[in-house]
Each structure stands twice: as structure tokens, then as C-alpha cells.
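Report on the structure
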Amino acid sequence: MLVLLAGIFLLHLTSIILLLVATIDNAWWMTKTVSTDVWARWILTNGTWSSNDLPGQYPQEYLQAVQASSILACIFSSLGLFVFVGQLFTLSKGQRFTFSGIFQLLACLCIMIAASIYTDIFHKNESDGWYGHSFILAWISFAFTFISSIIYFVLRKKTAN
Amino acid sequence: MLTILALASVILLGIVPQQSEAIVIYTGWERHALVGSDIRLSCSFFSWRWTSDDVTFSWSYRADGARDSISVFHYTGGSPYVDNKGPFRDRLEFVGNPGRRDGSILLKNLDYGDNGTFTCDAKNPPDIVGRASSVRLLVFEKVPIQAGVITGAIIGAVLGLLVLVVVIYYLMRFLVARRVFNLSVSKHGKKGKGKEGSQQRQLWRPPPVTCLPLTS
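Residues numbered from 1 in each chain as written. Chains lettered and ligands numbered in written order. Predicted model: local features only at pLDDT ≥ 70, side-chain atom pairs only at ≥ 80, totals over all residues. Heavy atoms only, no water.

Here is the rule: UniProt positions are given in the numbering used here, feature names are shortened, and annotations may be inferred rather than shown by experiment.
The name an unreviewed UniProt entry assigns to chain B is Ig-like domain-containing protein, from the organism Oncorhynchus tshawytscha. UniProt, in the comment section headed Sequence similarities (unreviewed entry), describes chain B in these words: "Belongs to the myelin P0 protein family." Recorded under Subcellular location (unreviewed entry), the UniProt text for chain B is reproduced unchanged: "Membrane".

You'll find chain A entered in an unreviewed UniProt entry as Epithelial membrane protein 1, with Oncorhynchus tshawytscha given as the organism. According to its UniProt record, chain A has this under Subcellular location (unreviewed entry): "Membrane". As its UniProt record puts it under Sequence similarities (unreviewed entry), chain A is described as follows: "Belongs to the PMP-22/EMP/MP20 family."

Now the structure itself:
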């Protein structure tokens, strides 16, 4: 039982870390000399990386929507972790961790919105380049938060406080 | 003493109307607009006199960097006269209401060359002493969305909604629990069974599911 709890806690923590990396690191799209999105663009010139503003042609509304939903995913997931720890102590025997599950589900929804908007709007016509690790981690954390929320909705508290 | 007072009041009454007869004209200070858009430049005035039938409005324009100003609009004798030769021909329209002391004009299809200062001068005979008021027009290519405005708005809205939902949920639980408690107290209080009242209070904890065998 304790092992199960520890495993679930680690899964949740991992999803938070993945979400944070996906949100903070500017590596949603990369080429040989550019690592970009969603906050700034890193350009490699003469062996050094320098930080530049994102190009003005980026559709501002979509960019800011991606920023906002990835931040919201991080917030919801972190809140969910605190709620989970709190519910560990306050739930009676046999009850489900619904609130933690709800927060993880919201985080899953938000990061799905962010990654979907990004996939559909940005870099659709550029062929020289590939999706960077932040993008991949965003989709992986979508899967992790989804699994995590399912577990929370199914799990029942087995031992008394 | 009384004569001095009377003299002073006569002098004051003599001075004040002349100052109060100055007309005060209001326009904006600075207006921003996008290329290709329309903009309404408003001009209104304050006057102690009733609005006369001979009220006149006059707009003139001085381009940025130019020294002279040209007249682009004049309203007099009940009719507006718009620019038909100058830089605003076919682009200027009178949208004001002189009866309501409004002498606003509408500039259509703005261009970068329209940057400059517009001056409105209004006269309400016999109230003609006043200062013309100027408004600066600035034409932009694109009003950029400030970085982070939409981001912050989305985050704030969603979190606010979340807080609202949580508050409403706990409020409903509290209100319903209190109502049930009150009902049970009033019901059992008459019979004098206070113990059951406190038992009823726990009604809103969801009952533990005991039908399924719990395996570890």
C-alpha cells in the first residue's frame, strides 16, 4: 500500500517536472542553429547562443494562448499534488481522491490545448527543423497526467488516518 | 458700509459677466488610429449663452513639420462646408450636432500623411472670445498586442473561475448542512432528543462504501 502511494506520488511529481521543463525551456521547435518557442528564440551565431525575441509574424493570440495554457497546466498539476497530500490525511476510509484527480485532469486538458494549438498553428510549412524536447515532453506529460488522473479517480483510500 | 457693499457688488457683477462670456472649447489631447481606419475628432464647447443660430465651427489642420495650417472644415449659417480641394477631400464628413454644441468631424481612410495637429475653433455669437483647442493625430501601422496581456487574462480568468467554483461548492455544502441541522434540531428539539440532532449533522459526510470487500 505504501509502495503504491509512493509510486503514485512519484508519477505525479514526474508529470509536474515534465510540465515545468516543457513550459520553461525554449525548445518546442529546433533547427541546427535555432531553438525556439514559446517565450524566446535562441540563435546560434559564431559558436555562441544568443536570446532573441520571437518573430513578429507569429500569431500573437495563439502564441499567448499556448503560453497561458501551459502555465495553467503547471499550476493545476502542482495544486493537485498538494491536494493529494492533503487528501491523504483528511479522507475517510474507502473514499476516492476525486479532487486530486480533477486537478490532474484539468492539467491534462490544459497541456493538451497548448500542445494542440502549437502543433496546428506554428511551423507548419517549415521543413528544415524538428520538434524539440519541450514539445515532446509536453505530449508525454499529457499522457502522464491523464494516467495519473485516472488512477486518482479509481483509487480508494484503504487505511484509516 | 452699505454703500461700499453695493458698489463692490455692482463692480463684481460688471466684471464677472465679461469673463464668463469667454467660450471654452474642448477637444481631445491626442488621438491614436490605425492606417486605413476612420477616426472621429470631437469638438464641443461651453458657453454661458444659449446656443445661437449663428454658431460656427471651424477645423484647421497643420501637418507634422509644417509651419502653416490650412482650414479644412467650416460650419456656418446652419450648413457644413467640408474640404473639397485639400488633403482631406472626399474623406471628411461632418458628424456633429451644432444644436447640442457638438462640432465633431469624421476622417476616413487615414494615411501616414495625416499625422498632425487639428485645431477646432467654435464661436457662439455674441460669445466669441475664446481659445481654439487642438488635438494631435497619430497614425500607426499596427497597434501591437502587448506581450503577455492575453496570457495573463487567460490565466487570471481560469484561476478565478476555479476559485469561484470551489467557493460555491463549499458554500453550498455549508448552507445545506446548516439547513439540515436546523431542521433536525427543530424536529427533534421538541421531543428533547439532542443526541440525534448531532447525528444528523454528520449526514453530509458521504457514507463509506462498505459493500465491496476491501482487499489490500
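That was the structure; now back to the text.
1. With respect to the overall build of chain B
Operational definition: To qualify as a helix, a DSSP run of H or I must reach at least 4 residues; to qualify as a strand, a run of E must reach at least 2; elements of each kind are numbered from the N terminus. Exposure categories follow from relative accessible area, calculated using a 1.4 Å probe and restricted to protein chains: below 20% of the type maximum is buried, above 50% is exposed, and the middle band is partly exposed. In this description, contact between two residues means that some pair of their heavy atoms is separated by no more than 4.5 Å. Areas reported as accessible are Shrake-Rupley estimates using a 1.4 Å probe. Residue values count occlusion only from the protein chains shown.
Broken down by element type, chain B carries 3 helices and 12 strands. Taken over 216 residues, chain B has a buried fraction of 26%. Within chain B, contacts between residues separated by at least 24 positions form 57% of all contacts whose residues are at least 6 apart in sequence. With an accessible surface of roughly 15100 Å², chain B has 61% of that area assigned to carbon and sulfur atoms.

2. Quick notes on the pairing of strand 4 (residues 43-46) of chain B
All names here are of chain B. The criterion, for reference: What makes two strands pair is DSSP finding at least two bridges between them.
The two faces of strand 4 differ: Cys-43 and Phe-45 on one face are buried, but Ser-44 and Phe-46 on the other face are not. Note that strand 1 (residues 23-27) and strand 4 share 4 bridges and pair antiparallel. Bridge pairing in strand 4 places Tyr-26 opposite Ser-44.

3. A closer look at the interface of chain A and chain B
For clarity, the threshold we go by: Buried surface area refers to the total accessible area, computed with a probe of radius 1.4 Å, that the two partners give up upon joining, counted for both partners together. Salt bridge, as used here: a side-chain nitrogen of Lys or Arg that lies within 4 Å of a carboxyl oxygen of Asp or Glu. The term polar contact refers here to a pair of N or O atoms within 3.5 Å; inside protein, the definition further demands a hydrogen-donor-capable atom paired with an acceptor-capable atom, and it admits residues adjacent in sequence only when both atoms are side-chain atoms. Following the grouping adopted for this structure description, the nonpolar residues are Ala, Val, Leu, Ile, Met, Phe, Trp, Tyr, Cys and Pro, the charged ones are Asp, Glu, Lys and Arg, and the polar ones are all others, Gly among them.
Listed by partner, the interface residues are 19 residues for chain A and 21 residues for chain B. Together chain A and chain B conceal approximately 1500 Å² of surface at their shared face, both sides included; 74% is due to carbon and sulfur atoms. When residues of chain A are sorted by the area they lose upon contact with chain B, Gln-64, Leu-72 and Arg-156 of chain A head the list and together hold 30% of the total. Along the contact surface separating chain A from chain B lie 0 salt bridges. Taken together, the connections running from chain A to chain B amount to 5 residue pairs in polar contact (both at pLDDT 80 or more). Those elements giving two or more residues to the side of chain A that touches chain B turn out to be helix 2 (60-90) and helix 3 (98-121) of chain A. Sort the elements by how many residues they give to the side of chain A that touches chain B and helix 2 of chain A lands first, with 11 residues. Broken down by class, the residue content of the side of chain A that touches chain B amounts to 10 nonpolar, 5 polar and 4 charged.

4. Let's talk about the packing of aromatic side chains
The way to describe two aromatic rings as a pair is by their centre distance and the angle between their planes. The line we're drawing: Between the rings of Phe, Tyr and Trp (Trp by its six-membered ring), a pair exists once the centres lie within 6.5 Å; its type follows the angle of the planes, with under 30 degrees stacked, over 60 edge-to-face, and the other angles tilted.
A full pass over the atoms with the stated rule returns 22 aromatic pairs over all chains. With a centroid separation of 6.3 Å and an interplanar angle of 50°, the aromatic rings of Phe-76 of chain A and Phe-103 of chain A are classed as tilted. Separated by 27 residues along the polypeptide, Phe-76 of chain A in helix 2 and Phe-103 of chain A in helix 3 bring together distant segments of the chain. Their ring planes at 85° and their centres at 4.9 Å tell us that Tyr-61 of chain B and Phe-88 of chain B sit as a pair that is edge-to-face. A residue pair is termed long-range when its members are at least 10 positions apart, and Tyr-61 of chain B in strand 5 (residues 56-63) and Phe-88 of chain B in the loop between strand 7 (79-82) and strand 8 (92-94) qualify at 27 residues. For Tyr-61 of chain B, a relative accessible area of 5% gives the class buried. A relative accessible area of 0% places Phe-88 of chain B in the buried class.

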